[in-house]
Amino acid sequence: MPQTLFDKVWARHVVVAETAAHPATLYIDLHLIHEVTSPQAFTVLRERGLSVRRPDLTLATIDHSTPTLINKDGSRPFVTEQAGKQVETLLANTEEYGIETHGWESENRGIVHVMGPELGATQPGMTIVCGDSHTSTHGAFGAIAFGIGTTQVGHVLATQCILMRKPKTMAIHVNGTLVDGVTPKDVILHIIAKIGVGGGTGYALEYCGNIFEQMSMDGRMTVCNMSIEAGARCGMIAPDQTTFDYLKDRKFTPEDYDAACVDWASLATDKGAAYDKEVYIKAEDIMTMVTYGTHPGMAMPIAANIPIAADEAEEKALIYMGMTGGAKIAGVKVDRVFIGSCTNSRMEDLRAAADIFRGRTVAAGLTTIVVPGSELVKREAEAEGLHDVFTAAGAQWREPGCSMCIAMNGDKAAPGELVVSTSNRNFAGRQGPGARTVLASPQTAAASAIAGVIMDAGSLV
Amino acid sequence: MTFAPLKTVTSKTLVLPAANIDTDQIIPARFLTVTSRDGLGKHAFNDWRYHEDGRETDHILNSDAAKACEILVGGHNFGCGSSREHAPWSLTDYGIRVVISSEIADIFLSNSMKNGLLPIIIEKNAHQWLLDHPGEEITVDLKTCEVRLPKNGGTFGFNIDAFSRHCLMEGVDEMGYLTAQNDAIATYEKKQKARREL
């Protein structure tokens, strides 16, 4: 029987098959951990006298609570003592259990979903979990990758398995030719607006069609990253030559790379395989997108008028955002710009932003921070001189981390401030109590930083 | 983690009717730097309940009536957003044992089951009745998988994964079940290793 990519990868990892009485026991090939969602899981291990079954399949870093500035004396200005303690706890736990950890001294420390692929730890056909909903990012490589809670982090540490029922599958086909200037971020915001923030609940997504085939790995990661914003725990793209080229010669790339590529190539969905649901989108219909409300499904073409609220919840969202239904969104005043996060902090993103910033200046009174996704991205960007472009334009160039995406390290906006952000969530207060978030591509964010208002990068390219 | 078995809950309902209540609303990220799971109830819906200077708002969540409720009825797609288990931890610490909505986000749902918090996805009619009748006393029966509404609201069945139901009713978590599969896991690992070395 023809199988989908998801079916094939799932089948390879079933330890105990699911029945009406119990879910499947699913084996996990790679467990990524970070400081925020792991401490209570290690506590459970200790309470129960359990050990870490496969420290060799576990990889740790520090990213969420970490400061993106360094004090003059080299110390790190943690937002609270507790945040510093959380980082220390991660480092102590992974030391105790023998888990490879990319801490302060590592050349590879970074946002967990930027670091995994860079190390080649993320590979096609794997099952990958992390106590972080944006684990869906790794689906860009043809892996089943999804976020789990801390209880399940404990399960994976102890048994390398989780209990889960097989989700339904949904194919999202995007074919055609993208309009000039439309980026992977615009593609995924369009998809979320179309299927809705809950549209993917209960499904594993597969992104199909020439648009994804032509995308770089950085672009594919941006798309898969936001699968969870449509409610889908995971989103995948079939591995192909682009994937194989990316994975060549990385730290964890299999020794027998050629054989691995043959195996990976066999994972693509078979002709005639059935999905539970299929969605078709014409690439030509996708415009440069921004969000205007308080969830990622409230996204719209930047050139359009803000939709009129359809119900009380949308009305409330517009009031929170200070947006007026029927008015243009382009031209709305911006206080802050954030370029970074596991969605858009890779080289392709930073190059795109730098192309807009080059030779221009950030609008007066506007704060812009650029936060590379990892130490590796930071080094590569600096080797290309991108940091000089950002700082010459008046933007700040920070240390790698999640930063203003989740705003738990102290990087945040003030109440009422409007942030154009390349991150993934525009929930009320996400970037600081009372802060207002407009999600956009790096190009749009950079153009808005220059203009001081929400603006399409089109005229600046 | 162990929790109290949950068989039936009879309580007045706390209704938060907004659709798409995300985990950043349930517990803002700045409270996630803890290394323990205890005592997060005071930060449940923190930014709805407190002004910036720490004074309480007049939000219903601060009322004694709300704090006495064990059943929370949320708008459609409750719990969307992040994987933070701090969300169900904060709700259970606040006193909630059941969350009812017409749709509940996958990760929040999975996390809730593991913490003695029963998530119920109920049909639209019943959900609408609950939204329209805040504060009514209702009964959730996990033995029969029914929600019983007063005032001729009727009785509505709900579906729940059989395994999760068992765990909730017995107050057991999944760790013991998983560790008991050690042999099957070891066999799988051997097969995988052999496959890689072919």
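Look above for the structure.
Residues numbered from 1 in each chain as written. Chains lettered and ligands numbered in written order. Predicted model: local features only at pLDDT ≥ 70, side-chain atom pairs only at ≥ 80, totals over all residues. Heavy atoms only, no water.

Peer 1: Please clarify how the interface of chain B and chain A should be interpreted in this entry.
Peer 2: Interface size is commonly expressed as the accessible area that is lost once the parts come together. Listed by partner, the interface residues are 52 residues for chain B and 62 residues for chain A. Across the interface of chain B and chain A, roughly 4,600 Å² is buried in total on both sides, 56% from carbon and sulfur atoms. Connecting chain B to chain A are five salt bridges. Secondary-structure elements contributing two or more residues to the side of chain B that touches chain A are α1 (23-26), α4 (86-94), α5 (106-113), α7 (162-170), α8 (175-179) and α9 (182-196) of chain B. Broken down by element, the side of chain B that touches chain A gets its largest block of residues, nine residues, from α9 of chain B. In the side of chain B that touches chain A, the residues fall into 17 nonpolar, 18 polar and 17 charged. (Contact = heavy atoms within 4.5 Å. Buried area = accessible area lost by both parts, 1.4 Å probe. Salt bridge = Lys/Arg side-chain N within 4 Å of Asp/Glu carboxyl O. Helix = DSSP H or I, 4+ residues; strand = E, 2+ residues; numbered from the N terminus. Nonpolar A, V, L, I, M, F, W, Y, C, P; charged D, E, K, R; others polar.)

Peer 1: Explanation requested: the nonpolar core in the structure shown.
Peer 2: Proteins that are soluble and globular tend to have nonpolar side chains buried together. Counting 77 residues, the largest nonpolar core has Phe357, Phe390 and Ile454 of chain A together with Phe45 and Leu91 of chain B as its most contacted members. Among the elements that make up this core, the one with the highest residue count is helix α12 (residues 347-357) of chain A (six residues). Looking at which domains feed residues into this core, each of domain 1 (5-164) and domain 3 (289-456) of chain A supplies at least three. Look past the residues within four positions of isoleucine 454 of chain A in its chain and what remains in contact with it is Val290, Ile302, Met323, Ile329, Ala330, Gly331, Val332, Val334, Leu418, Val420, Val438 and Ser448 of chain A. Leu90, Val174, Met215 and Ala230 of chain A belong to the second-largest nonpolar core, a separate cluster that totals 74 residues. (Core = buried A, V, L, I, M, F, W, Y, C linked by side-chain atoms within 4.5 Å. Buried < 20%, exposed > 50% of the residue type's maximum accessible area, 1.4 Å probe, protein only. Domains from an automatic or database assignment.)

Peer 1: Would you explain helix α2 (residues 39-48) of chain A in this entry?
Peer 2: Since the α-helix advances by 3.6 residues per turn, residues separated by three or four positions end up pointing in the same direction. Restricting attention to buried positions, one finds in α2 of chain A the residues Pro39, Gln40, Ala41, Phe42, Val44 and Leu45 of chain A. Residues of α2 of chain A that are buried make contact with β3 (30-33), α3 (81-97) and α5 (150-159) of chain A together with α4 and α8 of chain B. Positive phi shows up at glycine 49 of chain A, right after α2 of chain A, with a value of about 65°.

Peer 1: Help me out: how do you make sense of the pairing of β3 of chain A in this one?
Peer 2: Two faces make up the sheet, and in a regular strand the side chains alternate between them. Residues and elements named next belong to chain A. Neither face of β3 is left uncovered, since the one carrying Leu30 and Leu32 and the one carrying His31 and Ile33 both have all their residues buried. Across three bridges, β3 lies against strand β6 (residues 127-130) in parallel orientation. Bridge pairing links leucine 30 to isoleucine 128 in β6. Inspection of the sheet shows β3 paired to strand β4 (residues 58-61) by three bridges, in the parallel sense. Bridging from a neighbouring strand, isoleucine 33 pairs with alanine 60 of β4. With respect to chirality, the unit in which β3 leads through α2 into the neighbouring parallel β4 is right-handed. (Pairing = 2+ DSSP bridges. Right-handed = clockwise from strand over helix to strand, strands pointing away.)

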